[in-house]
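Summary of the model geometry
Residue strings, one per chain:
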Amino acid sequence: MKKFLVIALATTSLAACASGGNMTTTAFDYAPTSGTNTDTSRDGFELSGAGSWAASMNFQDRLGEPRLDFAYTPNGGQALVGELEITMPYMRDGVRRFHGEAEDGRSVSVELQAGPCREAGSDLTYTYFSTVMIDGNTLRGCGTEMASTDRWSNYIADYLPAIDVCLREFSGRAQHVAIAYPIGDETGVRVVDADGRSWECVTREEETRVNALRPLDAADAMYGEGDPIFVRQSIPAMGAGCYVYESIREADGTLIGAFGYDACGAGGSDAVG
């Protein structure tokens, strides 16, 4: 992409359904609204700590229960392996959490905070800040989610300038961004307004101004649209609009916004902007 090199990932989310504002977590695999399920046996996370350690987490479906095979390798040291599960409530405070134990009985937990993570001495931008805790010892680094589908949200750092330019056109009446994508040297941003109508905004002058704004209908649907949605500078309540929300933060904790993953398989509705 144009501004940051972002390690490609795809978001494996929790499939659930919200009813009356309460989120019922019944499964872990996120099925895109197209109905195409991700092969979770190849999904997981790759984590690293500035070359001093590396870890992997790979989803497995064992007897219908989601588990992750965990492997940690310190630089020049012996690998530690174990099994993790998703910590409930899922996405508490917008953060992915996992816990379990290694084969030698030591406790293991992992926290993944979405955001542009940069390791010292590297010009790469990863998509998660990672915290790995092994038997009380804390390791911090960056992470990337590995999956078969590369979603638009992987490049949110690239798209933020264009998103902000387009959102200003709605004077606070935007619900969320459904997708952003390159159009030549500029960017297209699809925005859902407060009335649920979809619009395409196209930037100009190096993403500093709006070139065109047009309403969209069902015939204009684009692959990957709404998978996930993005809410700028806020985190809606869990289950709002039937979405599960993941916070996105800068390294200093500043809130960038939130990704919303459709938890009911119907495209979601009425997200709170």
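Residues numbered from 1 in each chain as written. Predicted model: local features only at pLDDT ≥ 70, side-chain atom pairs only at ≥ 80, totals over all residues. Heavy atoms only, no water.

Thoughts on the overall build of the chain
The helix and strand tally for the chain stands at 1 helix and 17 strands. A sequence separation of at least 24 residues applies to 47% of the contacts in the chain between residues at least 6 apart. Put simply, the chain shows about 12600 Å² of open surface, and 48% of that area lies on carbon and sulfur atoms. (Helix = DSSP H or I, 4+ residues; strand = E, 2+ residues; numbered from the N terminus. Contact = heavy atoms within 4.5 Å. Areas by Shrake-Rupley, 256 points an atom, 1.4 Å probe, with all protein chains shown as cover.)

What to know about helix α1 (residues 156–168)
Taking 1.5 Å as the rise per residue, α1 with 13 residues should run 18 Å; its terminal C-alpha atoms sit 17 Å apart, in good agreement. At Ala162, α1 shows its largest bend, some 35°. The buried count for α1 comes to 10 of 13 residues, which makes it a mostly enclosed element. For α1, the set of buried residues is Ile156, Ala157, Asp158, Tyr159, Leu160, Ala162, Ile163, Val165, Cys166 and Leu167. Those residues of α1 that are buried lie in contact with β11 (174–183), β12 (186–193), β13 (198–204), β14 (209–215), β15 (229–232) and β17 (255–262). (Expected span 1.5 Å × (residues − 1). Bend = angle between axes of the 7 residues up to and from the residue. Buried < 20%, exposed > 50% of the residue type's maximum accessible area, 1.4 Å probe, protein only.)

Remarks on the packing of aromatic side chains
Any aromatic ring pair is given by two values, namely how distant the centres are and how the planes are angled relative to each other. Counted according to the given criterion, the structure contains 8 aromatic pairs. Ring geometry for Phe230 versus Phe259: centroids 6.0 Å apart, planes at 55°, classification tilted. Taken as a pair, Phe230 in strand β15 and Phe259 in strand β17 lie far apart in primary sequence, 29 residues in all. Each residue in the set Phe45, Phe59, Phe98 and Tyr128 is aromatic and connected to the rest through ring pairs, giving one cluster. (Phe/Tyr/Trp six-rings, centres within 6.5 Å; stacked < 30°, edge-to-face > 60°.)

Let's talk about the state of the cysteines
Enumeration according to the criterion identifies 3 disulfides in this entry. Take the cysteines of the chain that form disulfides and number them in order along the sequence; they join up as 1-2, 3-4, 5-6. (Disulfide = S-S within 2.5 Å.)

Overview of the environment of Ser130
Within the secondary structure layout, Ser130 lies in strand β9 (residues 126–134). Taking the C-alpha atoms as reference points, Ser130 and Arg96, 34 residues apart in sequence, are found 9.8 Å from one another. Apart from residues lying up to four places away in sequence, Ser130 is in contact with Leu47, Trp53, Glu111, Leu112, Leu139, Arg140, Gly141, Cys142 and Gly143. A polar atom in the side chain of Ser130 sits 3.3 Å from the backbone oxygen of Cys142. (Polar contact = N/O pair within 3.5 Å; in protein donor to acceptor, adjacent residues only side chain to side chain.)

Some thoughts on the pattern of salt bridges
Counting across every chain of the model gives 16 salt bridges. Of the charged contacts in the structure, one is a salt bridge between Arg197 and Asp195, with a shortest N-O distance of 3.4 Å. Classification of Arg197 by relative accessible area gives partly exposed; the value is 46%. Of the charged contacts, one joins Glu200 and Arg214 as a salt bridge, the two residues approaching to 2.9 Å between their closest N and O atoms. Of this pair, Glu200 sits in strand β13 while Arg214 sits in strand β14; the two residues are 14 residues apart in sequence, bridging distant segments of the chain. A relative accessible area of 11% means that Glu200 is categorised as buried. The partly exposed category is assigned to Arg214, whose relative accessible area is 35%. Connected through salt bridges with shared partners, the residues Arg190, Glu200, Arg214, Asp220 and Glu225 form a single ionic network. (Salt bridge = Lys/Arg side-chain N within 4 Å of Asp/Glu carboxyl O.)

Digging into the pairing of strand β8 (residues 107–117)
The buried fraction of β8 amounts to 8 of the 11 residues, a majority that puts the element mostly inside the structure. Where strand β7 (residues 96–102) and β8 come together, 6 bridges link them in antiparallel fashion. In the sheet register, Phe98 faces β8, and the bridge partner there is Val110. Counting the residues that bridge the hairpin from β7 to β8 gives 4 residues, and of these Gly105 lies at a positive phi of roughly 95°. The sheet contact formed by β8 and β9 spans 8 bridges and is antiparallel. Across the sheet, Val110 pairs through a bridge with Val132, a residue of β9. (Pairing = 2+ DSSP bridges.)

Remarks on the confidence of the model for the chain
Chain-level statistics for the chain give a pLDDT mean of 83 and a share of 82% at 70 or above. When the criterion is pLDDT under 50, residues 1–41 qualifies, and its contacts beyond four places in sequence or with other chains add up to 124 contacts. (pLDDT = per-residue confidence, 0-100.)

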